[in-house]
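# Per-entry structural report
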Amino acid sequence: GVGLYTEGAGETYFDDIEVKSNSDFEYDRPAWWWQSARTVSGTWKVAPAPGERAILNDSGPVRVTQSAKGEAMNLIGDARWGTSILDANIVPPAKGTVGLLYDYKDAGNYRLLRLTGPAGAPQSRIQFLAVSEGKASVVQEAPGGYLPGRPNAFRLDLSESGEAKFRLNDVLELAVPREES
């Protein structure tokens, strides 16, 4: 399965979430989100975008918000979908870690693409991690980070056999062999 990830004290917004697999699926309706998403950890809610009004089955602008302190994970859809691309616009806080889950099996076994802080901060990294038996290991990393307080276009592309690619705002940032990612 695939999903959303965040860690830190600030509120993180996820918008324009789209899973491209056997059939494309956009999470632009609150009812769809609650029917096919599952909270693993943290506090998640679906709400209208600022200044907008959303009705349960309306496709109006909605955002998925995580407001828990600490780690929060939310799964989207079903592992049987054979996800190939996960897109999301993420508005991170000034501090914290944000990312996308993939190859999720259970809470102790999954893969994660994460950005550990804002762009320009010396310790900020873009990382691919493998979590096995609850222990995380960095597979590959590079300097880089997100732009806090504004939308960042995340794309995790798993469409090519044997490779995981991450694009931030349409720029390829990091690619790793899938069996290692």
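The structure this text deals with has already been given above.
The following paragraphs examine the structure supplied in this document. (Residues numbered from 1 in each chain as written. Predicted model: local features only at pLDDT ≥ 70, side-chain atom pairs only at ≥ 80, totals over all residues. Heavy atoms only, no water.)

## Observations concerning the pattern of salt bridges
Basically, it comes down to this: Think of a salt bridge as a Lys or Arg side-chain nitrogen and an Asp or Glu carboxyl oxygen that are within 4 Å of each other. A helix here means a DSSP run of H or I that spans at least four residues, while a strand means a run of E at least two residues long, and both kinds are numbered starting from the N terminus. Buried, partly exposed and exposed residues are distinguished by accessible area as a fraction of the type maximum, computed with a 1.4 Å probe on protein chains only: under 20%, between the cut-offs, and over 50%, respectively.
Per the counting criterion, the structure on display carries five salt bridges. The partner of Arg125 in a salt bridge is Glu141, with the nearest N and O atoms 3.7 Å apart. Pair noted here: Arg125 is in strand 11 (residues 125-132) and Glu141 is in strand 12 (residues 135-143), with a separation of 16 residues, a long-range link. Classification of Arg125 as partly exposed rests on a relative accessible area of 23%. By relative accessible area, which is 36% here, Glu141 ends up partly exposed. When salt bridges that share partners are traced, they join Glu160, Glu163 and Lys165 into one network.

## As for the nonpolar core
Rules: What we call a nonpolar core is a set of buried Ala, Val, Leu, Ile, Met, Phe, Trp, Tyr and Cys residues that are connected through their side-chain atoms within 4.5 Å. Contact criterion: two residues are considered in contact whenever any of their non-hydrogen atoms come within 4.5 Å of each other.
Leu4, Ile17, Leu115, Phe128, Phe154 and Phe166 are the most contacted members of the largest nonpolar core, which totals 30 residues. If we skip the residues at most four places from it in the chain, Phe166 touches Leu113, Leu115, Ile126, Phe128, Phe154, Arg155, Val171, Leu172, Glu173 and Leu174. Grouped together as the second largest cluster of nonpolar side chains are nine residues, Tyr5, Met73, Tyr104 and Val131 included.

## Points about the sheet that holds strand 12
Filter applied, for reference: Pairing between strands is defined by DSSP: at least two bridges between the two strands are required. Lines fitted to the C-alpha atoms define the axes, with helices restricted to the stretch that makes contact. Angles between their N-to-C directions range from 0 to 180 degrees.
Strand order in the open sheet formed by seven strands is 4-7-1-9-10-11-12, with antiparallel pairing between adjacent strands. Looking at the sheet topology across the chains shown, the edges are occupied by strand 4 (37-41) and strand 12. Neighbouring strand axes in the sheet, compared pairwise and without regard to direction, differ in orientation by 20° on average. Bridge analysis of strand 1 (residues 2-8) against strand 7 (residues 70-76) gives seven bridges, and the strand direction is antiparallel. Residue Thr6 lies in a different strand from strand 7, and its bridge partner there is Ala72.

## As for the pairing of strand 8 (residues 85-91)
Burial of strand 8 is extensive: six of the seven residues sit out of reach of the surface. In this sheet, strand 8 lies alongside strand 2 (residues 12-20) in antiparallel orientation, the contact comprising six bridges. Looking across to strand 8, one finds that Val19 is bridged to Leu86. Pairing geometry for strand 8 and strand 13 (residues 152-157), over six bridges, is antiparallel. By the bridge assignment for strand 13, Ala88 is matched with Phe154.

## Side note on the environment of Gly145
Mapped onto the elements of the fold, Gly145 is located in the loop between strand 12 and strand 13. On the basis of relative accessible area, Gly145 is assigned to the buried category, the value being 10%. Spatially, the C-alpha atom of Gly145 lies 5.5 Å from that of Ser124, the residues being 21 residues apart in sequence. Not counting the four nearest positions on each side in its chain, Gly145 is found in contact with Leu115, Gly117, Pro118, Ala119, Ser124, Ile126 and Leu168.

## Brief notes about the side chain of Asn152
The line we're drawing: Counted as a polar contact is a pair of N or O atoms within 3.5 Å, where, for protein atoms, one must be capable of donating a hydrogen and the other of accepting one, and residues adjacent in sequence contribute only when both atoms are in side chains.
Secondary-structure assignment places Asn152 in strand 13. A distance of 2.7 Å separates a polar atom in the side chain of Asn152 from the backbone oxygen of Arg150. Filtering out sequence-adjacent residues up to four positions away, Asn152 remains in contact with Ala88, Asn89, Ile90, Pro92, Tyr146, Leu147, Leu168 and Asn169.

## As for the packing of aromatic side chains
What counts, and what does not: Pairing of aromatic rings covers Phe, Tyr and Trp, the last counted by its six-membered ring, and requires centre-to-centre distances within 6.5 Å; plane angles under 30 degrees mean stacked, over 60 mean edge-to-face, and any other angle means tilted.
Scanning the entire structure with this criterion turns up three aromatic pairs. On the numbers, 5.7 Å between centres and 25° between planes, the contact of Tyr104 with Tyr110 is stacked. The exposure class of Tyr110 is buried, given its relative accessible area of 7%.

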